[in-house]
Amino acid sequence: EIASCLVGSEMCIRDRGICGFSMIRVFGKVIDVPNKYLVPVIMTFCITGTFALNHYLEEVFLMLIMGVIGFVLIKLDFAMPPIILGLVLGSLAEKNARRSIDLLGSSETIWQHPIAIIFIVLAIASLVSPAISAAIKKRKAAKAAAAEEN
């Protein structure tokens, strides 16, 4: 029975590879399709897929709102990878943080473990470092401007 599963999996992988490699030129032509045709098709797939997942119209509206927020963030020149990582990993980190606090008994015992203190200090440093580096650059620019005047 295990052998038949392995053979079936191997056949699926092989067939998918053959289909994928034979369609590379066709899939590459998608780039040539004008946006006025491509965007409605993609939106239709996104809306259909979002609704088909749980059959809630509210999730479709949430998807559209998140799309508008993403568009605004792109226009305001925000970096997308940290935002995507935060959205994807945020709930997982929160769940595991809650689990660790439950295992420790209270949040006060975190301060008794040196490795936890190191991680907290590193987290605070990573949050504060952009503001500090911006202030240092501003101070250097002000000194350079003052030196040019003299």
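The rules behind the values
- Along each chain, numbering runs from 1 in the same order as the chain's sequence is written.
- Given that this is a predicted model, residues contribute local features only at a pLDDT of at least 70 and side-chain atom pairs are listed and counted only at 80 or more, while totals for whole chains, interfaces and linings are drawn from all residues.
- Hydrogens and water molecules were not included; the side-chain quantities draw on all heavy atoms of the structure.
- Only DSSP runs of H or I reaching four residues or more are called helices, and only runs of E reaching two or more are called strands; each is numbered from the N terminus.
- The classification of residues rests on relative accessible area computed with a 1.4 Å probe and restricted to protein chains. Under 20% of the type maximum is buried, over 50% is exposed, and intermediate values are partly exposed.
- Every accessible area reported is derived by Shrake-Rupley at a probe size of 1.4 Å, with residue values counting cover from the shown protein chains alone.
- Think of it this way: Lys and Arg go in the positive column, Asp and Glu in the negative one, and His and the chain ends go nowhere.
- All charge positions are set by atom: Lys at NZ, Arg at CZ, Asp at CG, Glu at CD.
- Each axis is a line fitted through C-alpha atoms, and for a helix only the stretch in contact is used; angles between axes span 0 to 180 degrees, taken between their N-to-C directions.
- Note on angle classes: values under 35 degrees are labelled roughly parallel, values over 145 roughly antiparallel, values of 65 to 115 roughly perpendicular, and the remainder oblique.
- Crossing handedness follows the turn of the near helix against the far one: under a right angle anticlockwise gives a left-handed crossing, and clockwise gives a right-handed one.
- Contacts were defined at the residue level, with two residues in contact if any of their heavy atoms lie within 4.5 Å.
- Ten residue types, Ala, Val, Leu, Ile, Met, Phe, Trp, Tyr, Cys and Pro, are classed as nonpolar, four, Asp, Glu, Lys and Arg, as charged, and the remainder, Gly among them, as polar.
- The rule for a salt bridge is simple: a side-chain nitrogen of Lys or Arg has to be within 4 Å of a carboxyl oxygen of Asp or Glu.

Take the overall build of the protein chain next. The helix and strand inventory of the protein chain stands at six helices and zero strands. Ordered by position from the N terminus, the helices and strands of the protein chain form the series α-α-α-α-α-α. Its C-alpha atoms give the protein chain principal-axis dimensions of roughly 70 × 55 × 35 Å. Looking at the 150 residues of the protein chain, the share that counts as buried comes to 4%. Accessible surface for the protein chain amounts to roughly 13300 Å². Of this, 72% is attributable to carbon and sulfur atoms. Counting 14 positive and 12 negative side-chain charges, the protein chain places the centres of these two groups 9 Å from one another.

Take unusual backbone geometry next. Across residues other than glycine, the phi torsion is negative in most instances, and most of the peptide bonds are trans. In this model, His55 sits at a positive phi of 60°, which is unusual for a non-glycine residue. In this fold, His55 is placed in the loop between helix 3 (35-54) and helix 4 (57-75). One non-glycine residue, Asp77, lies in the positive phi region at around 65°. You can call Asp77 exposed: its relative accessible area is 69%.

Let's shift gears to the packing of helix 3 against helix 4. Closest axis-to-axis distance for the helix 3/helix 4 pair is 8 Å, and the angle between their directions is 140°. As summarised for this structure, helix 3 and helix 4 are arranged oblique, according to the angle between their axes. The chirality of how helix 3 crosses helix 4 is right-handed. Only Leu57, Glu59, Val60, Met63 and Leu64 of helix 4 make contact with helix 3, whose side of the interface consists of Met43, Cys46, Ile47, Thr50, Phe51 and Asn54. When the residues that make up the contact of helix 3 with helix 4 are grouped by side-chain class, the tally is eight nonpolar, two polar and one charged.

Further remarks concern the pattern of salt bridges. This model, assessed by the stated rule, comprises one salt bridge. Across the pair Asp15 and Arg14 runs a salt bridge, and its minimum N-O distance is 3.2 Å.

To continue, consider the packing of helix 4 against helix 5 (residues 80-104). At a closest axis distance of 11 Å, the pairing of helix 4 and helix 5 adopts a crossing angle of 150°. Classed by the angle they form, the pair helix 4 and helix 5 counts as roughly antiparallel. Contacts between helix 4 and helix 5 involve Met66, Gly70, Leu73 and Ile74 on the former and, on the latter, Met80, Ile83 and Leu87.

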